[in-house]
Amino acid sequence: MKDDEQWRDKLTDEEFQVCRGKGTERAFTGEYWDCKEPGVYHCRCCGEPLFDSGTKYDSGSGWPSFYQPASADVIDEERDTAHGMIRTEVMCAKCGCHLGHVFEDGPQPTGLRYCINSLSIKLEPEAGS
Ligand code: FE
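Residues numbered from 1 in each chain as written. Predicted model: local features only at pLDDT ≥ 70, side-chain atom pairs only at ≥ 80, totals over all residues. Heavy atoms only, no water.

## Here we look at the overall build of the chain
Helices and strands together make up the secondary structure of the chain, namely two helices and nine strands. Listed by position from the N terminus, the elements making up the chain come as α-α-β-β-β-β-β-β-β-β-β. Against the globule reference of 14 Å for 129 residues, the chain gives a C-alpha radius of gyration of 14 Å, in line with a compact fold. Over its C-alpha atoms, taken along the principal directions, the chain stretches across nearly 40 × 40 × 30 Å. Within the chain, the proportion of its 129 residues that are buried is 44%. Counting only contacts in the chain whose residues sit at least 6 apart along the sequence, the fraction spanning at least 24 positions is 53%. Surface exposure of the chain reaches about 7200 Å², of which carbon and sulfur atoms provide 46%. Separation between the mean location of the 14 positive side-chain charges and that of the 24 negative ones in the chain comes to 2 Å. (Helix = DSSP H or I, 4+ residues; strand = E, 2+ residues; numbered from the N terminus. Rg over C-alpha atoms; globule rule 2.2 N^0.38 Å. Buried < 20%, exposed > 50% of the residue type's maximum accessible area, 1.4 Å probe, protein only. Contact = heavy atoms within 4.5 Å. Areas by Shrake-Rupley, 256 points an atom, 1.4 Å probe, with all protein chains shown as cover. Lys, Arg positive; Asp, Glu negative; His and termini not counted. Charge placed at Lys NZ, Arg CZ, Asp CG, Glu CD.)

This is how it looks when you write it as structure tokens:
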């Protein structure tokens, strides 16, 4: 796993603050909250495929929202008690990149809402789209 200095070289300041510093981009400002392009969203840090556009939906939150990850083992979860809230943080299982949080108010079939920072992911558009 890379250390902070190596990530600083690879990421922009904004990306570093969110991905390695567990920051949150402002709602309705990210690259993907309103994106409907088909493709696969990869980890901004290590390139691991994390979410498929087919599971993306408009949650109205201003952040890209998915009802499930590409597969269960690409995501790590951790209890987060920062900012006076009890939330479940989600991270890239491969590199530890902070992605966002998961909430239990999502649509079927999972009832989950993975609320993800655009800065933590990178869309690889579907070929031919
Ligand atoms: Fe990663």
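From this point, the discussion proceeds with the structure in view.
## Description of the coordination of the iron ion
Only C43 (SG), C46 (SG), C92 (SG) and C95 (SG) from the protein reach the iron ion as donors, at distances of 2.3 to 2.4 Å. Because the angles between the four donor atoms bound to the iron ion fall within 102 to 114°, the donor set is best described as tetrahedral. Every donor residue of the iron ion comes from the same chain, spaced as C-x2-C-x45-C-x2-C. Highlighted residues: C46 in the loop between β1 (39-43) and β2 (49-52) and C95 in the loop between β6 (87-92) and β7 (98-103), separated in sequence by 49 residues. According to the relative accessible area criterion, C46 is partly exposed, its value standing at 27%. (Donors = N, O, S within 2.8 Å, 3.2 Å for Na, K, Ca; no water. Tetrahedral: all angles 85-135°; square planar, octahedral: opposite > 155°, others 65-115°.)

## Topic: the sheet that holds β6
An order of β3-β4-β8-β7-β6-β5 is seen for the six strands of this open sheet, with the pairing classed as antiparallel. Single-partner strands in this sheet number two, and they are β3 (56-57) and β5 (75-80). (Pairing = 2+ DSSP bridges.)

## Overview of the pairing of strand β8 (residues 113-116)
Neither face of β8 is open: one carries R113 and C115, the other Y114 and I116, and all of them are buried. For strand β4 (residues 65-66) and β8, the ladder comprises two bridges, and the chain directions are antiparallel. Paired with F66 across the strands is Y114, a residue of β8. With four bridges joining them, β7 and β8 adopt antiparallel strand pairing. Across the sheet, the residue bridging to H101 is C115, located in β8.

## A closer look at the packing of aromatic side chains
Evaluation of the coordinates by the stated rule reveals five aromatic pairs. Between the aromatic rings of Y41 and F66, the centroid separation amounts to 5.3 Å while the plane-to-plane angle is 70°, which identifies the pairing as edge-to-face. Taken together, the positions of Y41 in strand β1 and F66 in strand β4 put the pair 25 residues apart, joining distant regions of the chain. A residue is classified by how much of its surface remains accessible, and Y41, at 0% relative accessible area, is buried. Residue F66 is classed as buried on the basis of its relative accessible area of 0%. (Phe/Tyr/Trp six-rings, centres within 6.5 Å; stacked < 30°, edge-to-face > 60°.)

## Some details on the nonpolar core
Ranked by internal contacts, the top residues of the largest apolar core, which has 24 residues, are Y41, C45, L50, F51, C97, L99 and I116. Breaking this core down by element, the ones donating at least two residues are α2 (13-19), β1, β2, β6, β7, β8 and β9 (121-125). (Core = buried A, V, L, I, M, F, W, Y, C linked by side-chain atoms within 4.5 Å.)

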